[in-house]
Amino acid sequence: MLNIVLFGPPGAGKGTQSERLIEKYGLVHLSTGDVFRANIKGETDLGKLAKSYMDAGQLVPDEVTINMLRSEVVQHSAPKGFIFDGFPRTNAQAQALDEFLASLSTEISLMLALEVEETELKTRLLKRAEVSGRPDDADPAVIEKRIAVYNQETAPVKAFYQAQHKFVAIDGIGSIDEITQRLFSAIDTNH
Ligand code: AMP
């Protein structure tokens, strides 16, 4: 299996690039943010719980997120692999993912980390708000909070995969096509 963690701060282009990767490699796309948003739309208990954290730019608690992720993964029989988009966001999530994948006799192949500097992220998120309808994109204070949470809690997850020699940094500045090509060549040379 080819299991990729597509990593990067909010606004780095994970969702856009995921679409390109699933098309080329036939992977299942698993975005925890998308699953939470679907639950909010469906007014489920999980959605109600997640919304309070998401609207504030905070992380949904690990236990809730990990359980949700596990139940999403097992819905797919004989997948070619997964692209994890927006997960793991904490070291506890990364650890839990490793253990869970090991129980399924597989593992993470690669973490691809899109690197984009902060001023560019803020510009992209405010622009995305015009079309995404996401309340967490429209409020500059919430954007600040999401970037701060990324720097404090999520960026350290890089070291988790660096220690396993699975980490590849990708320049996330350029045209969508250019960045896609960088991701393709990182996968093809490292897998
Ligand atoms: P995203 O669509 O990846 O930008 O995620 C939107 C929001 O969903 C985040 O700001 C968090 O509140 C929540 N979320 C998504 N993925 C996770 C995760 N792995 N752990 C905790 N919270 C998450």
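These numbers were taken from a predicted model, which means no experiment stands behind them.

**Let's talk about the side chain of Lys14**
- Position of Lys14 among the secondary structure elements: in helix H1 (residues 14-25).
- Other than its neighbours up to four places away in sequence, Lys14 contacts Leu6, Phe7, Gly8, Pro9, Asp85, Gly86 and Leu114.

**What to know about helix H6 (residues 118-132)**
- With 15 residues, H6 extends 20 Å from end C-alpha to end C-alpha; this agrees with the ideal 21 Å at 1.5 Å per step.
- When we look at burial in H6, the residues that qualify are Leu121, Leu125 and Ala129. Each buried residue of H6 sits inside an arc of 80° when the element is viewed along its axis, so together they form one side. Counted as exposed and oriented over 90 degrees from the buried face of H6: Thr119, Thr123, Lys127, Glu130 and Val131.
- Packing partners of the buried residues in H6 comprise helix H7 (135-138) and helix H8 (140-154).
- Gly133 occupies a position one or two residues after H6 and carries a positive phi of about 70°.

**Some thoughts on the side chain of Ser109**
- Take Ser109: it is sitting in the loop between helix H5 (91-103) and strand E4 (110-115).
- Exposure remark for Ser109: the relative accessible area of 17% places this residue in the buried category.

**Some words on the pattern of salt bridges**
- Summed over the entire model, instances satisfying the criterion amount to 14 salt bridges.
- For Asp137, the salt bridge goes to Arg146, with nearest N and O atoms at 3.0 Å.
- Note on Arg146: relative accessible area 10%, which makes it buried.
- Here the residues in one salt-bridge network are Arg128, Arg134, Asp136, Asp137 and Arg146, joined through shared partners.

**Describing the nonpolar core**
- The biggest cluster of nonpolar side chains holds 23 residues, and the ones touching the most others in it are Leu21, Leu112, Leu183 and Ile187.
- Of all the secondary-structure elements, those providing two or more residues to this core are strand E1 (4-7), H1, E4, H6, H8, strand E5 (167-171) and helix H10 (176-190).
- The greatest single-element share of this core, amounting to five residues, is contributed by H10.
- Discounting chain neighbours no more than four positions away, the residues touching Leu21 are Leu6, Gly26, Ile83, Leu183, Phe184 and Ile187.

**With respect to the packing of aromatic side chains**
- The final tally for this structure, using the stated rule, is four aromatic pairs.
- A ring pair is formed by Phe7 and Tyr150, whose centres lie 5.8 Å apart and whose planes are at 45°; its orientation type is tilted. Within this pair, whereas Phe7 is found in strand E1, its partner Tyr150 is found in helix H8, the two being separated by 143 residues in sequence.
- Judged by its relative accessible area of 3%, Phe7 is buried.
- Looking at Tyr150, the relative accessible area reads 9%, which means it is buried.
- Seen in terms of ring centroids, Phe160 and Tyr161 are 5.1 Å apart; in terms of plane orientation they differ by 70°. Their pairing is edge-to-face. Each member of the pair, Phe160 as well as Tyr161, is classed as buried.

**Regarding the pairing of strand E3 (residues 82-85)**
- Burial along E3 is two-sided: the residues Phe82 and Phe84 and Ile83 and Asp85 are all buried.
- Strand direction decides the pairing type here: E1 and E3, joined by three bridges, are parallel. Looking across to E3, one finds that Ile4 is bridged to Ile83.

**A closer look at the site of the ligand**
- Near the ligand lie 16 residues; those nearest to it are Thr32, Arg37, Gln58, Gly86 and Gln93.
- Here a nitrogen atom of the ligand sits 2.9 Å away from a polar atom, N or O, in the main chain of Gly86.
- Between a nitrogen atom of the ligand and a side-chain N or O atom of Gln93, the distance comes to 2.9 Å.
- Protein burial of the ligand: of its 480 Å² of free accessible surface, 96% is covered by the chains.
- Of the residues forming the shell around the ligand, the biggest block, four residues, is contributed by helix H2 (residues 32-41).

Parameters and conventions
- Residues numbered from 1 in each chain as written.
- Predicted model: local features only at pLDDT ≥ 70, side-chain atom pairs only at ≥ 80, totals over all residues.
- Heavy atoms only, no water.
- Helix = DSSP H or I, 4+ residues; strand = E, 2+ residues; numbered from the N terminus.
- Contact = heavy atoms within 4.5 Å.
- Expected span 1.5 Å × (residues − 1).
- Buried < 20%, exposed > 50% of the residue type's maximum accessible area, 1.4 Å probe, protein only.
- Arc of directions from axis to C-beta.
- Salt bridge = Lys/Arg side-chain N within 4 Å of Asp/Glu carboxyl O.
- Core = buried A, V, L, I, M, F, W, Y, C linked by side-chain atoms within 4.5 Å.
- Phe/Tyr/Trp six-rings, centres within 6.5 Å; stacked < 30°, edge-to-face > 60°.
- Pairing = 2+ DSSP bridges.
- Near = heavy atom within 4 Å.
- Polar contact = N/O pair within 3.5 Å; in protein donor to acceptor, adjacent residues only side chain to side chain.
- Areas by Shrake-Rupley, 256 points an atom, 1.4 Å probe, with all protein chains shown as cover.

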